[in-house]
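# A structural walkthrough
This is what each chain is made of:
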Amino acid sequence: MVMSLAFERQLILVSVALLAVATLVQFAGFILGRNMYRPTAGIYAGVVALLGIAITGRWVREGQGPFLTFYDILLSNIFSLALMFLLISAFVSAVRPGMLVTSPLLLLLGTWLTRVSGLAGPLPGAFDNSWLWVHVLSGKLFLGFCLAATATAIVMLASNASSGERLTRLAPDPERCERAIWALFFISFVCHSFMLVAGAVWAHSAWGHFWSWDPLETWTLVTWLMLGGVLHARATFRKMPQGLGHALVCITFVVAFLTFFGVPFVSIAPHKGLM
Amino acid sequence: MMSLLKKFASLRLTLLGMIMLAVLAVIGTRNAAIGVGVTVIPLVILVVNLLAALLTNRSFRTQAGLLVFHIGLLLVFACIGLTVLLRYEGRVEVVAGGGFNVGQVETVEQGWWHDNRLAEIEFYQGEVQVDYLPGLNRQNTHSTLEYRAASGDMRRITVGDTRTATIAGYQLAATFNKGYALLLQWTGADGETVLGAVHMPSFPEFDWNQVTTWSTPAGHQVELELDFAEPVSDDRASWTFGNTDIPYSVNVSGADGAQRSLRNGESIELAGGQVRNMGLAVWMGYRIEYLPFLPWMFVAAMLAIAGLSMHYARRYLPKSSTAGASAKEDAYGHVARV
């Protein structure tokens, strides 16, 4: 039995509704001064399960993974970001307050997804090789780690910028948060480097050029330089204020986010000019 | 000398190089007048900076992961440089039943140090099959070649989207570019006969316009239009490109504007001679490239990533977190602080 596109979209609508609830729960927790990690994590688990079913159903129906269209990119990234944040927060408690940031962001992506056409196009035969998998998976790991670092950095920025009790309570252990931010940012740099290499190998096999300076490749290089640059900046300016470091992490994520989701405004599929 | 090297090894210079590279990459790709060649400037700065840092920065002696990462990065740069100097990229179309002709190769890029050995390539085109899904979505390509291997033997290989052939050191990859060719026999006024293939425009990309201009051996230009009796490509169903057993005719228009139809095996008189339609064939487009340092670039990049991973493991994984708190932390100590 094959899942219909209509049912897939219903699963997505329920997931988006759950993300709206997660956002409300987080804001309610912030206002009431209560830790809402457990209920929000439960909602995230529900979102991951529903989107996992939607992706699997789509995969079986279309006979290919979620690689090609902007709908595929949004769907698979909401799934991977929610799953990764859930897993990271389970092991690194310092990032848990970041759910106040990730929940509205995932809700935004989910709302965007509901407005995008879900029609699939077949993946050209030349693109279908194992390096595509490595490229896509390492990209999702990168964005997941970078989101966790950024969400924690935003919480730290808000916590440090205010003397209000609610905000300072957001990051109860600044030292652990600080360590988590840079550990996650560093591992995201490793994953991004691997994504670049795997992407070059895949591109050479798919359309004959390991590097073509298309908008996505150019902005991916800019993101990589920013990741490396921010780590170098911390080494160069050792007395750099903590807040500036966090702001640079956030700016890097914004560039990465626009690269992942903004380039489709230039072309409707990744590397469209070469497809 | 050492103080000069230390100045070149400055981390501030690294940052400047990275910012320049990011800015110039964006500007160069968006502005054709500037071009991406401008990124060579920050790349040279970064290579000099990295070399100087490897020679002078003591932190590399205490942090193996960082050393491996930066050596890997330097090797990537070296491979990029050698690739630019030695590379070759060209295109060629070969008709089924015919052989590779070096004179038909169109060079796209050739590095300054490239030793052109294209004349050593010898292969003959066999059967071509390209599968399409509805919506003209190209799937697998199967193009069979017979080529002369380095040992001198003739070998057969089927290349496609994920398989290439390496002949005389050059890599040949089948491209999306392929089409039909008309096999024509020309008999001049002196009775001399010439057999050749006229390549029609790429198919199915230009299935709506299978027209080309042909200069006859007598020096007159005629327009040839390939006219299929029934549609060959199908936008709504799966089909396979490569079949030449198709009812068709060729419309031949001379300079006088008169149009004549030419079926398989028929001949017509043209200015200066007679042309006979000998049949339909397919041609296949190939990309020829020579990138000897590409595999080494991959190895160097993986070495750099391995170095980064080593450094991460040393700094952040629980077992090494206390061991890393050395008083000798250097300029890269930021990683230990977090």
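Residues numbered from 1 in each chain as written. Chains lettered and ligands numbered in written order. Predicted model: local features only at pLDDT ≥ 70, side-chain atom pairs only at ≥ 80, totals over all residues.

## Digging into the overall build of chain B
- In terms of regular secondary structure, chain B is built from 8 helices and 15 strands.
- Taken over the C-alpha trace, chain B has a radius of gyration of 29 Å; the compact-globule value for 338 residues is 20 Å, which it surpasses by more than 25%.
- Seen along its three principal axes, the alpha-carbon backbone of chain B occupies a region of about 90 × 45 × 45 Å.
- A burial count over chain B gives 29% of its 338 residues as buried.
- For chain B, contacts bridging at least 24 residues in sequence account for 59% of all contacts bridging at least 6. (Helix = DSSP H or I, 4+ residues; strand = E, 2+ residues; numbered from the N terminus. Rg over C-alpha atoms; globule rule 2.2 N^0.38 Å. Buried ≥ 20, exposed ≤ 12 C-beta atoms within 10 Å, placed from the backbone. Contact = placed C-beta atoms within 7 Å.)

## Focus: the pairing of strand β15 (residues 273–290) of chain B
Residue and element names in this part refer to chain B.
- Judged from the 8 bridges that link them, strand β1 (residues 88–95) and β15 form a sheet pairing that is antiparallel. The partner of R91 across the bridge, within β15, is R287.
- The sheet contact formed by strand β7 (residues 170–188) and β15 spans 15 bridges and is antiparallel. Bridge pairing in β15 places A174 opposite Y286.
- When strand β14 (residues 267–270) meets β15, the two strands line up antiparallel, connected through 4 bridges. Residue pairing across strands places L270 opposite G273, the latter belonging to β15.
- Connecting the antiparallel pair β14 and β15 is a turn made up of 2 residues, with G272 showing a positive phi of about 90 degrees. (Pairing = 2+ DSSP bridges.)

## Structural notes on the pairing of strand β5 (residues 154–159) of chain B
All names here are of chain B.
- Pairing between strand β4 (residues 137–148) and β5: 6 bridges, direction antiparallel. By the bridge assignment for β5, S143 is matched with V159.
- Taking the residues between adjacent antiparallel strands as the criterion, β4 and β5 are bridged by 5 residues, where G152 takes a positive phi near 100 degrees.

## Brief notes about the sheet that holds strand β12 (residues 248–253) of chain B
Residues and elements named next belong to chain B.
- Taken together, 4 strands build an open sheet; the order of strands is β9-β10-β12-β13 and the sheet is antiparallel. Edge positions in the sheet fall to β9 (211–215) and β13 (259–262), since each of these pairs with one other strand and no more. Going from strand to strand, the sheet's axes swing by 30 degrees on average, the running direction of each strand aside.
- One ladder, built from 6 bridges, connects strand β10 (residues 221–228) with β12; its direction is antiparallel. Across the sheet, residue E223 finds its bridge partner in β12, namely S253. (Axes fitted to C-alpha atoms, helices over the stretch in contact; angles between N-to-C directions.)

## Some thoughts on the nonpolar core
- Within the largest apolar cluster, 118 residues are counted, with the highest numbers of intra-cluster contacts made by I78(A), A82(A) and I181(A).
- With 23 residues, the single largest contributor to this core is helix α7 (residues 174–207) of chain A.
- Sequence-distant contacts of I78(A), that is, excluding residues within four places in its chain, are made with L51(A), L106(A), L109(A), G110(A) and L113(A).
- V94(B), F123(B), V159(B) and Y248(B) belong to the second largest nonpolar core, which has 41 residues in total. (Core = buried A, V, L, I, M, F, W, Y, C linked by C-beta atoms within 7 Å.)

## Side note on the domain arrangement of chain B
All names here are of chain B.
- Along its sequence, chain B is organised into domain 1 (2–87 + 294–337) and domain 2 (88–290).
- Centre-to-centre, using C-alpha coordinates, domain 1 lies 47 Å away from domain 2.
- Between domain 1 and domain 2, the residue contacts involve 4 residues of the former and 8 residues of the latter.
- The residue inventory of the side of domain 1 that touches domain 2, partitioned by class, reads 3 nonpolar, no polar and 1 charged. (Domains from an automatic or database assignment. Nonpolar A, V, L, I, M, F, W, Y, C, P; charged D, E, K, R; others polar.)

## As for the domain arrangement of chain A
Residue and element names in this part refer to chain A.
- Along its sequence, chain A is carved into domain 1 (1–116) and domain 2 (126–275).
- When each unit is reduced to the centre of its C-alpha atoms, the spacing between domain 1 and domain 2 is 19 Å.
- Taken residue by residue, the interface counts 21 residues in domain 1 and 24 residues in domain 2.
- Going through the elements one at a time, α3 (70–91) and α4 (99–114) are the ones with two or more residues in the side of domain 1 that touches domain 2.
- Considering every element that reaches the side of domain 1 that touches domain 2, the biggest residue donor is α3, with 8 residues.
- Within the side of domain 1 that touches domain 2, the residues separate by chemical class into 15 nonpolar, 6 polar and no charged.

## Some remarks on the interface of chain A and chain B
- Counting residues at the interface gives 33 residues for chain A and 36 residues for chain B.
- If you list the elements that add at least two residues to the side of chain A that touches chain B, you get α7 and α8 (215–236) of chain A.
- Per-element tally for the side of chain A that touches chain B: the top contributor is α7(A), with 13 residues.
- Taken together, the residues that form the side of chain A that touches chain B break down as 19 nonpolar, 10 polar and 4 charged.

## What about the environment of S89(A)?
All names here are of chain A.
- Looking at the secondary structure, you find S89 in helix α3.
- Each C-alpha atom of the pair S89 and Y37 lies 9.1 Å from the other, and the pair is 52 residues apart in sequence.
- Discounting chain neighbours no more than four positions away, the residues touching S89 are A41, V95 and R96.

## Remarks on the packing of α7(A) against helix α6 (residues 294–316) of chain B
- The geometry of α7(A) relative to α6(B) is characterised by a closest axis approach of 10 Å and an angle of 165 degrees between their N-to-C directions. The orientation of α7(A) relative to α6(B) falls into the category roughly antiparallel. α6(B) is crossed by α7(A), and the crossing has left-handed handedness. Contacts between α7(A) and α6(B) involve A183(A), F186(A), I187(A), F189(A), V190(A), S193(A), F194(A), V197(A) and V201(A) on the former and, on the latter, F298(B), A301(B), M302(B), A304(B), I305(B), L308(B), S309(B), Y312(B) and Y316(B).
- Looking at the contact of α7(A) with α6(B), its residues break down into 16 nonpolar, 2 polar and no charged. (Parallel < 35°, antiparallel > 145°, perpendicular 65-115°, else oblique. Left-handed = near helix turned anticlockwise from the far one by under 90°.)

## Topic: the sheet that holds strand β3 (residues 123–133) of chain B
Residue and element names in this part refer to chain B.
- Spatially, 4 strands are ordered β5-β4-β3-β11 in an open sheet, and the strand pairing comes out antiparallel. Because the sheet does not close on itself, it has two edges, and the strands there are β5 and β11 (239–241). Neighbouring strand axes in the sheet, compared pairwise and without regard to direction, differ in orientation by 15 degrees on average.

## Some words on α6(B)
- Look at α6(B): 33 Å from first C-alpha to last across 23 residues, which is about the 33 Å you get at 1.5 Å a residue.
- Every buried residue of α6(B) is accounted for by M297(B), A300(B), A301(B), A304(B), I305(B), G307(B), L308(B), H311(B), R315(B) and Y316(B). (Expected span 1.5 Å × (residues − 1).)

## Describing unusual backbone geometry
- Cis geometry marks the peptide bond from F203(B) to P204(B), where omega comes out at 5 degrees.
- Among the structural elements, P204(B) can be located in the loop between β8 (193–202) and β9.
- Even without glycine at this site, W213(A) takes up a positive phi of about 55 degrees.
- Secondary-structure assignment places W213(A) in the loop between α7 and α8.
- Residue classification places W213(A) among the partly exposed residues on the basis of 15 C-beta atoms within 10 Å.
- Backbone geometry places A168(B), a non-glycine residue, at a positive phi of 55 degrees.
- Among the structural elements, A168(B) can be located in the loop between β6 (165–167) and β7.

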